[in-house]
Amino acid sequence: MSQSTLSRELALGIGLAARALPNTDPKQLVTTLTKALGLPLTTSKLHALTLSEYQALFDTTDREQYSQEILASSLNHLHSIDVTEQQLEPPVIRSYQDGDMPYSIRLAIASDNGININGQFSTCEQFYIYQLSAQDQRLIDIRKVDVDPSLKAEQKQEYRAALIQDCQVLYSIAIGGQAAAKVVKQGIHPMKISDQAQIADIIAQLQQVLVASPPPWLAKIMGLTQKNVLQETEEEVI
């Protein structure tokens, strides 16, 4: 069973994803995705597909050919399919306990809609908190900013930094020098995105970094002793 018609964007994205895989044509990939996700195939379903779930679709194939790095590259094409904001639905919070996701990091994302990174650190109304590993991602909390308006600017920045103090990385479209210093003091690495990127795209890109070779500061946060995340996480998927 397969989907008879696909939008131009969906067909292009699946075609690129299939090209990144060995011995796989677009029709085969559509059939595989349909069996796993059901009809109709939508961008929302593909954007929600995690690397571990994607890898499970190829468990019976040659692991050397379908390595995590290859699968992550293919999945990135599915996550990068263009879609209007109205077509996407905000993610749902999933339960999480420490230890559920080995070798993971925690992200704070300044977003007003849960779809795009469109908030400034000092003015956004909420932070979306994600737990992220090379294989999985999970929205674990949405933290509303409820700061006393009578506080001074510096105190408001300290409040916001404390609100996300358990995170290791912050994504926002803008953060000032003083605010960045408050964030860094909490052990958080601020990342500034120049435009309203989609959260799903940024997460997919970061997962590729985690799969391939994370920078030393990220590897340290994740508790890795080797440079290659793939070597450390293989036991999690066997």
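Structure report, in brief. Just so it is clear, the model here is predicted, and its values are computed rather than measured. (Residues numbered from 1 in each chain as written. Predicted model: local features only at pLDDT ≥ 70, side-chain atom pairs only at ≥ 80, totals over all residues. Heavy atoms only, no water.)

This part covers helix α1 (residues 8-19). For α1, which comprises twelve residues, the first-to-last C-alpha distance of 16 Å matches the rise-based estimate of 16 Å (1.5 Å per residue) to within 8%. Restricting attention to buried positions, one finds in α1 the residues Leu-10, Gly-13, Ile-14, Gly-15, Ala-17 and Ala-18. Where the residues of α1 are buried, they touch α2 (26-37), α3 (43-48), α4 (51-56) and α5 (68-79). (Helix = DSSP H or I, 4+ residues; strand = E, 2+ residues; numbered from the N terminus. Expected span 1.5 Å × (residues − 1). Buried < 20%, exposed > 50% of the residue type's maximum accessible area, 1.4 Å probe, protein only. Contact = heavy atoms within 4.5 Å.)

What follows deals with the packing of α1 against α5. The contact between α1 and α5 brings their axes to 8 Å, and the two run at 175°. With respect to their mutual orientation, α1 and α5 come out roughly antiparallel. Contacts between α1 and α5 involve Gly-13, Ile-14, Leu-16 and Ala-17 from the former and Ser-74, His-77 and Leu-78 from the latter. Partitioning the contact of α1 with α5 into residue classes produces four nonpolar, three polar and no charged. (Axes fitted to C-alpha atoms, helices over the stretch in contact; angles between N-to-C directions. Parallel < 35°, antiparallel > 145°, perpendicular 65-115°, else oblique. Nonpolar A, V, L, I, M, F, W, Y, C, P; charged D, E, K, R; others polar.)

This part takes up the packing of aromatic side chains. Summed over all chains, the structure comprises three aromatic pairs. Aromatic pair Phe-58 and Tyr-66: ring centres 5.2 Å apart, planes at 20°, arrangement stacked. Judged by its relative accessible area of 8%, Phe-58 is buried. Classification of Tyr-66 by relative accessible area gives buried; the value is 11%. With a centroid separation of 5.9 Å and an interplanar angle of 45°, the aromatic rings of Phe-121 and Phe-127 are classed as tilted. With a relative accessible area of 0%, Phe-121 lands in the buried category. By relative accessible area, Phe-127 is classed as buried at 0%. Aromatic ring contacts, followed pair by pair, group Tyr-54, Phe-58 and Tyr-66 into a single cluster. (Phe/Tyr/Trp six-rings, centres within 6.5 Å; stacked < 30°, edge-to-face > 60°.)

So, on to the nonpolar core. Within soluble globular proteins, side chains that are nonpolar generally end up buried alongside one another. Ranked by size, the top nonpolar core spans 41 residues in total, and within it Ile-14, Leu-29, Leu-33, Tyr-54, Leu-78, Leu-107 and Tyr-171 carry the most contacts. When residues in this core are grouped by element, the largest group, six residues, is from helix α8 (residues 199-212). If sequence neighbours within four positions are ignored, Leu-33 has contacts with Ile-14, Gly-38, Leu-41, Leu-46, Leu-49, Tyr-54, Leu-57 and Leu-78. Residues Ile-140, Ile-175, Ala-180 and Ile-188 belong to the second largest nonpolar core, which totals 19 residues. (Core = buried A, V, L, I, M, F, W, Y, C linked by side-chain atoms within 4.5 Å.)

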